[in-house]
Amino acid sequence: MESTRKEDGLKALGAKTKYQMDYAPEVLETFQNKHLMNDYWVQFNCPEFTSLCPITGQPDFAEIRIAYIPGDRMVESKSLKLYLFSFRNHGDFHEDCVNIIMKDLIKLMQPKYIEVTGLFTPRGGISIYPYANYGQPGTKYEALAEQRFANH
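Residues numbered from 1 in each chain as written. Predicted model: local features only at pLDDT ≥ 70, side-chain atom pairs only at ≥ 80, totals over all residues. Heavy atoms only, no water.

S.K.: How do you make sense of the pattern of salt bridges when you look at a structure like this?
M.R.: The final tally for this structure, using the stated rule, is five salt bridges. Between aspartate 39 and lysine 112 there is a salt bridge, with its nearest N and O atoms 2.9 Å apart. Of this pair, aspartate 39 sits in the loop between strand E1 (30-32) and strand E2 (42-52) while lysine 112 sits in the loop between helix H3 (94-109) and strand E5 (113-120), and the two are 73 residues apart along the sequence. On the basis of relative accessibility, which here comes to 13%, the residue lysine 112 falls in the buried class. Residues joined in a network through salt bridges with shared partners are Asp39, Lys112 and Lys140. (Salt bridge = Lys/Arg side-chain N within 4 Å of Asp/Glu carboxyl O. Helix = DSSP H or I, 4+ residues; strand = E, 2+ residues; numbered from the N terminus. Buried < 20%, exposed > 50% of the residue type's maximum accessible area, 1.4 Å probe, protein only.)

Have a look at this one:
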């Protein structure tokens, strides 16, 4: 593990955890995908995601599900945990959180395909489950994104 951590330049993995108190995309780290010739899914479930309502400041709770088909780089899980934790004091609507997470991960690692779902707990008797996805333009993954979105 230590050699992989050093050769990929990972800082968070194995280090003492430092939590950010507001939205912090800079904590995200990647490592090299060692299986470039394979298409495969990587899924993360974060059942304890929290953010703040931008109007009332009250906490919102959700399970965030991230699934992607990696390209050259993959997101390191501890850095993803710290990134998702950084939303704890961040005020944004549910739909914004899901889209921000997806766009930050696209910028970070240029996956072939990615989808992010937020399963937010009810407030005022209503649940909101935003879903966003992306496939690399001009590839079969763009068609996959269109198909999965149409069937969502």
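S.K.: Before we go on, may I ask you to explain helix H2 (residues 77-85) in this structure?
M.R.: Burial in H2 covers these residues: Lys78, Ser79, Leu80, Leu82, Tyr83 and Leu84. Residues of H2 that are buried sit in contact with E2, strand E3 (59-69), strand E4 (73-75) and H3. Capping of H2 at its N-terminal end is provided by glutamate 76; its side-chain oxygen lies 2.9 Å from the backbone amide nitrogen of lysine 78. (Contact = heavy atoms within 4.5 Å. Polar contact = N/O pair within 3.5 Å; in protein donor to acceptor, adjacent residues only side chain to side chain.)

Without other data, these values stay purely geometric and don't point to any function.
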